[in-house]
Every structure is written in C-alpha cells, then in structure tokens.
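Structure at a glance
Given next are the chains, with one letter for each unit.
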Amino acid sequence: MNKFHSTRSTTDSLTAKQAIRKGIADDGGLFVTDALGNANVNVAELPGKSYQQIAYEVLSLLLDDFSEQELRDCIERAYGAQWSDERITPLKQVGSDYVLELFNGPTCAFKDVALQILPRFMACTKPESDPNEQIMIVTATSGDTGKAALAGFADVPGTGITVFYPQGKVSRVQELQMTTQQGNNVHVSAVDGNFDDAQTEVKRIFGDAAFAEQLAEHHVKLSSANSINIGRLVPQVVYYFAAYAQLLEAGKIKVGDEVEFVVPTGNFGNVLAGYYAKRMGLPVRDLVVASDRNNVLFDFLVSGTYNKQRPFYETISPSMDILVSSNLERMLYYLSCNDPNLVADCMNDLREWGAFEVPEMLLQKIRHVFNTGWANEDQVREMIADCWNKHQYVIDPHTACGYFVMQQMPRDPEVPRVLLATASPYKFPRVVNESLGLDATGTDFECMDVLSKATGTPIPAMLRNLETAEVRFRDDVPVAGMEQFVADSAAQL
Ligand SMILES: *Cc1c(COP(=O)(O)O)cnc(C)c1O
C-alpha cells in the first residue's frame, strides 16, 4: 500500500485516507508518497474511456487504500449532472492550439474538479477509533477555492467548513458566491489582510496544539481543503490524461506523442498535478508555469532563488495573486530525488529570511520540466481581446495570463499545446467587457448580460442567479480573530 509522509521528514507513515483526513503534516510539510511513478496509466488504452473511467484508473493508483466501490461511488457523485458538459473537462481547438476547459462545474472555476470529490473522499476516512469524530475544514481563499469548497462540503455528514477570504480583494461575484452559500455546516468570514496573511494564519491554526486539544474534547478535528491536501491534488491529475485522451480520439496525436501544457498558476497545485501525470506515464514535453504580475515563481524558475519579500499586487487575476506557492514544496521534494532535508532547509530559510535558494543542479532539473512566463495586466486585457478577435473564444483574466505566455513561446508544430482554462469569463465580466471594448459601467450582472449578448455565449445560471440570492454571512475579522471564529464555527457542529 502507498505510504504518505511529510515533504520535510520521513517519520510519518500514513495511508492515503489518513493523509487526506489530516490535511497537513505536524511539521508543516505536505504529504507525499515515494510510490509516485511506480505504477503507470496505460495511455494507449485511453481513447474511448469516459472521464469517470480515467478518473478511476488514476485515483486507484494513488489512493490505493480506498476500495473499488468507494472510489467508484466518489467519482460517480463528484462528476455527474452538476457539470454542464458530459466530458467534464472538454478540450476545444482554439486556432492551432487547444484549450482544456476546467470551469464547467457548479462554481465555474477549475477548483470544482477537486472540490466536488474531496468531501466524498473525506466521508470515507472516518477512523474506527472515534466514529463520532467530525471534520472541520478550514480554508483561506484567494477567491475561487472558497466557493468551490463550500459547494463541495455543504451538508456533507460528519463535516463542517469555515472559509476566510481577504476583505475587498476578491471580485464582487466571488464574494457573493461565498456569502450566499446554503447549507447548515458552512461558515464564511472576511479577513482584514491579503490572501497570504490569511493562509499563513490558517497554517498556524493547524499547527496550534493547544487549540487542537480544545477541539478534540468536542470530537472535532481540523482539516484542509486547500491544495495542500493530497486529496485535492490527486483528482487534478485526471484531466491531464483526459486531455490526452481527447487529442488521441480526435486524431491530433499518436500514442506516445508529447504534449505541452500551459498552466495559469498560483499555489502551484494545478501545474504540479501535471507533473504527477508525467510521472505516471503521460508524455509531457513542457509544463509551462504562467504567472500574473505576482511573478515570484517566474523569478524562482529563472534564478533558483525564491524570494517572497517583494511587493504584493492585487491584479485582475486574483486567484493567482500569491507570494507563497504552497505546492512548490512537493515539486522540490520530488525533483531533489526525495530529499526531505533539502525541503526542510528551504522552508526554514523561507520562514526565517523570506527567501531560499536551490542548488544549481536542482535548478537545472527543475527547468528541464518546467518552463515559465508571466503577463502584466495590460497584456492580460490585450489577450482577452486578441483571443476573442482571432478565435471568437472568450477567456477569463487567469486563462489570459497563460494565453499570453503561450503566444510568447516559440511554437513547435509537432507538439500540440494545451492551455488550461481555469475560470469562466462570466466570473470576471467587468474586466472581460473592458478588455473587449464593451459597456462595463453597470453592475457585474449587467456586465454579464452585455457580454452574453455581444458574444452569443450563455451565462452560467448559477452566476446570474446570485443577483437575487440572500446574503447569509457578513462577518469580518482581523487576522488575530480567525482562530476564535473557527472555534465558534466548530461549536455549532
Ligand atoms: C486557483 C486558480 C488558479 C491557480 O491554480 P493553482 O493550483 O493555485 O496554481 C488559476 N486560475 C484560477 C481561476 C483559479 O481559481
């Protein structure tokens, strides 16, 4: 059976279920398994398989302590009628490249792919030692995670969820998506601070032993729905294979041909899943890390120095406004040939000095797998217009970062390029309208109507209906008040 331990030490030996339930290791590291890559998906057999079948193949290799029935149930419930496309992540040709749409789930962002299934995994992980144990999910969100997690966990038995978002730093639509969430086990609060402040505090709360003890008395255990949870990362590996399957089915590639993926990146979860896919046998040429103006990853991949001491920009792609990319830690672990001491030293330096540097040899290896680029906000706006004008395809500001980076790179006609589209343009209708030269003076909802009329594309009902949905949550806490808010939420479980 696959065993999971921290990126920073090898003392733990957890099954996948235990790692999912726990979320993050006691030493602050992320759960990894040294079995990654021991078993491969057979890409020759992908064509003709449904998304759900591909999901079963991928998930059963990594989460091998789940029974076949458990996995099939989780998959069936997570990837059903709540998706507006039966292929779940449809691949569309856009010019001579491809776009993999990851936003056809219930909250219109790619995080649905993972967060529709994570709660179902969680429900399979109840320990025999304490069948009364309840899980309280605590998550900091830069915009999309929060809503996708709320939608996934709402009213799932044995769980509660508390979401914090940075006040004034998510779009109006994103905020309404969260504050109108239905369900008896959901809690939402704004935080006075930016995303990193909130995420750092959530990580600290997870490590607070006294708080954990206090919650344990009430049979409550904290867990994470951020992409640090291995149960969130693994479902994302699936769509890389699904993209490859669709290229094979369309006759665009032959088995074994390499494909390049361009990935709008923030916390490094999406692109890391691509690396997992590569390790599990997917023929991947390059994984391209596309950043917005917060280009800390670009600088790292170019120089080998990760330095979070830099200005933080609030951009029109808020879900990528991140200075500390949590999942980078997993990449460092694997590319250093599974060296937890190296990872621990890097993370220690990051905490103490705000920066770390990797050895030149390691940087070379990293650059062999990951290419990189970034787009400023003017370029993002230009690309939204460019993609519409050239291809009659509307992209959101996050996807547009990737689109820009893709245009900058030399194109090898032999290697298909797949851009991962991470959000519906209707989540950011004002910026999209401004970019397309459409009227953007009204409310976000009026902007949606204008955009739909001008482009002939449908507005996802779930977004349009927010205008009249009842706001249930109006809390706003300082960073220092987050722990108490979690305690109050847990008391209601
Ligand atoms: C979360 C998110 C990203 C970044 O994904 P990571 O896995 O954090 O790198 C990009 N675009 C959108 C729309 C997102 O919601």
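Residues numbered from 1 in each chain as written. Predicted model: local features only at pLDDT ≥ 70, side-chain atom pairs only at ≥ 80, totals over all residues. Heavy atoms only, no water.

Applicable threshold: UniProt positions are given in the numbering used here, feature names are shortened, and annotations may be inferred rather than shown by experiment.
The protein is annotated in an unreviewed UniProt entry as Threonine synthase from Bifidobacterium dolichotidis. According to the UniProt record, the Sequence similarities (unreviewed entry) comment for the protein is "Belongs to the threonine synthase family." Its UniProt record gives the protein a comment under Cofactor (unreviewed entry), which states: "pyridoxal 5'-phosphate".

Overview of the nonpolar core
Put simply, the rule reads: As used here, the term nonpolar core means buried Ala, Val, Leu, Ile, Met, Phe, Trp, Tyr and Cys residues forming a set that is joined through side-chain atoms within 4.5 Å. Exposure classes here rest on a 1.4 Å probe applied to the protein chains alone. A residue is buried below 20% of its type maximum, exposed above 50%, and partly exposed in between. Contacts are assigned to residue pairs that have any heavy atoms within 4.5 Å of one another.
Core analysis: the largest hydrophobic core is formed by 110 residues, its most contacted members being Phe241, Phe261, Tyr276 and Phe370. Not counting residues up to four positions away in its chain, the partners in contact with Phe261 are Tyr240, Ala243, Leu282, Val284, Asp286, Leu287, Val288, Val418 and Leu420. Val99, Ile384, Ala400 and Tyr403 belong to the second-largest nonpolar core, a separate cluster that totals 39 residues.

Here's the deal with helix 17 (residues 397-408)
Cut-off, in case you're wondering: Only DSSP runs of H or I with at least four residues qualify as helices, and only runs of E with at least two residues qualify as strands; both kinds are numbered from the N terminus onward. In this analysis, the expected span of each helix is defined as 1.5 Å times one less than the number of residues it contains.
Here helix 17 contains 12 residues, and its C-alpha end-to-end distance of 17 Å stays within 8% of the 16 Å for a straight helix at 1.5 Å per residue. Extensive coverage of helix 17 is indicated by the burial of 10 of its 12 residues. If you check which residues of helix 17 are buried, you get Pro397, His398, Thr399, Ala400, Cys401, Gly402, Tyr403, Phe404, Val405 and Met406.

Details of helix 12 (residues 296-303)
Formally: Note that the arc is computed from the directions linking the helix axis to the C-beta atoms.
The set of residues buried in helix 12 consists of Val296, Leu297, Phe300 and Leu301. Around the axis of helix 12, the buried residues are gathered within 125° of arc, so they sit on the same side. Contact partners of the buried residues in helix 12: strand 10 (284-291), strand 11 (305-307), helix 13 (328-335), strand 12 (355-357), helix 15 (360-369) and strand 13 (370-374).

Considering the UniProt feature "modified residue: N6-(pyridoxal phosphate)lysine" (unreviewed entry) in the protein
Residues annotated by UniProt as "modified residue: N6-(pyridoxal phosphate)lysine" (unreviewed entry) correspond here to Lys111. With respect to the element layout, Lys111 can be found in helix 4 (residues 111-115).

Digging into the site of the ligand
Test applied: We call a residue near a molecule or strand as soon as one heavy atom of that residue lies within 4 Å of the molecule or strand. In the analysis that follows, any N or O atom pair within 3.5 Å is treated as a polar contact, provided that within protein one partner can donate a hydrogen and the other can accept it, and provided that, for residues neighboring in sequence, both atoms belong to side chains. All accessible-area figures derive from a Shrake-Rupley calculation using a 1.4 Å probe, and residue coverage is judged against the displayed protein chains alone.
In the region of the ligand, 15 residues are neighbours, and Lys111, Asp144, Gly266, Asn267 and Asn270 sit closest. Asn267 has a polar backbone atom sitting 2.7 Å from an oxygen atom of the ligand. Contact with the protein chains covers 98% of the free accessible surface of the ligand, which is 380 Å².

Focus on the pairing of strand 10
In plain terms, the rule: Pairing between two strands requires that DSSP report at least two bridges joining them. Here is how to tell: hold the view so the strands point away, follow the path from the first strand over the helix to the second, and if it runs clockwise the crossover is right-handed.
Burial analysis of strand 10 places seven of its eight residues in the buried class, the great majority of the element. As paired strands, strand 9 (residues 259-264) and strand 10 are joined by five bridges and run parallel to one another. Directly across from Pro264, in strand 10, lies its bridge partner Ala290. The parallel pair strand 9 and strand 10, bridged by helix 11 (residues 269-279), forms a crossover whose chirality is right-handed. Across five bridges, the pairing between strand 10 and strand 13 is parallel.

A closer look at the sheet that holds strand 6 (residues 159-166)
In plain terms, the rule: To obtain an axis, a line is fitted to C-alpha atoms, over the contacting stretch when the element is a helix, and the angle between two such axes runs from 0 to 180 degrees between their N-to-C directions.
If you trace the five strands from one edge of the open sheet to the other, you get 8-5-6-7-15, paired in parallel fashion. Two strands bound the open sheet, and with one partner strand each, they are strand 8 (220-223) and strand 15 (475-478). This sheet shows a mean twist of 30° between the axes of neighbouring strands, independent of strand direction. Of the pairings in the sheet, the one linking strand 5 (residues 134-140) to strand 8 comprises four bridges and is parallel in character. By the bridge assignment for strand 8, Ile137 is matched with Ser223. Where helix 7 (residues 172-179) meets the sheet, it contacts strand 6 and strand 7 (186-192), and its direction lies at approximately 155° from that of strand 6. Contacts from helix 21 (residues 482-491) reach strand 5, strand 6, strand 7, strand 8 and strand 15 within the one sheet, and its direction differs from that of strand 6 by about 155°.

Quick look at the packing of helix 13 against helix 15
Pairs of packed helices are described in terms of their axes, by the angle between the two and the distance that separates them. The test is simple: Each angle is binned into one of four classes, with values under 35 degrees roughly parallel, values over 145 roughly antiparallel, values of 65 to 115 roughly perpendicular, and all other values oblique. Crossings are classed by handedness, with left-handed meaning an anticlockwise turn of the near helix from the far one by less than a right angle and right-handed meaning a clockwise turn. In this classification, Asp, Glu, Lys and Arg are treated as charged, Ala, Val, Leu, Ile, Met, Phe, Trp, Tyr, Cys and Pro as nonpolar, and every other residue, Gly included, as polar.
Two elements in contact, helix 13 and helix 15, have axes separated by 10 Å at closest approach and are oriented at 110°. When the axes of helix 13 and helix 15 are compared, the pair comes out roughly perpendicular. Where helix 13 crosses over helix 15, the handedness of that crossing is right-handed. Across from Met331, Leu332 and Leu335 in helix 13, the residues of helix 15 making contact are Leu362, Lys365, Ile366 and Val369. Here the contact of helix 13 with helix 15 is built from residues that sort into six nonpolar, no polar and one charged.

Here we look at the side chain of Ser326
Secondary-structure assignment places Ser326 in the loop between strand 11 and helix 13. Of note is the side chain of Ser326, whose polar atom sits 3.4 Å from the side chain of Lys203. Other than its neighbours up to four places away in sequence, Ser326 contacts Leu30, Gln199, Lys203, Ile228 and Asn267.

Quick word on the packing of aromatic side chains
Note the cut-off: Under the pairing criterion, centres of Phe, Tyr and Trp rings, with the six-membered ring standing for Trp, must be within 6.5 Å; the plane angle then separates stacked pairs below 30 degrees from edge-to-face pairs above 60, leaving the rest tilted. The rule for a charge over a ring is simple: NZ of Lys or CZ of Arg within 6 Å of the ring centre, and within 35 degrees of the ring normal.
Overall, the coordinates contain 14 aromatic pairs when judged by the stated rule. With centroids separated by 6.2 Å and ring planes inclined at 35°, the aromatic side chains of Tyr275 and Phe370 adopt a geometry described as tilted. Here Phe370 lies in strand 13 and Tyr275 lies in helix 11, a separation of 95 residues in the sequence. Given a relative accessible area of 4%, Tyr275 falls into the buried group. Taking the centre distance of 5.6 Å and the plane angle of 90° together, the rings of Tyr276 and Tyr334 count as edge-to-face. Pair noted here: Tyr276 is in helix 11 and Tyr334 is in helix 13, with a separation of 58 residues, a long-range link. The class of Tyr334 is buried, set by a relative accessible area of 4%. Following the ring pairs from residue to residue traces out a cluster consisting of Phe268, Tyr275, Tyr276, Tyr333, Tyr334 and Phe370. Against the face of Phe66 rests Lys17, its NZ or CZ located 5.2 Å from the ring centre.

Quick notes on the pattern of salt bridges
We count it as follows: One speaks of a salt bridge when a side-chain nitrogen belonging to Lys or Arg is within 4 Å of a carboxyl oxygen belonging to Asp or Glu.
Scanning all chains against the criterion turns up 24 salt bridges. The shortest N-O distance in the salt bridge between Arg417 and Asp97 comes to 3.0 Å. Taken as a pair, Arg417 in strand 14 (residues 417-421) and Asp97 in strand 4 (residues 97-101) lie far apart in primary sequence, 320 residues in all. Taken individually, Arg417 and Asp97 each receive the classification buried, so the pair is uniform in this respect. In this structure, the salt-bridge partner of Asp257 is Lys254, at a minimum N-O distance of 3.9 Å.

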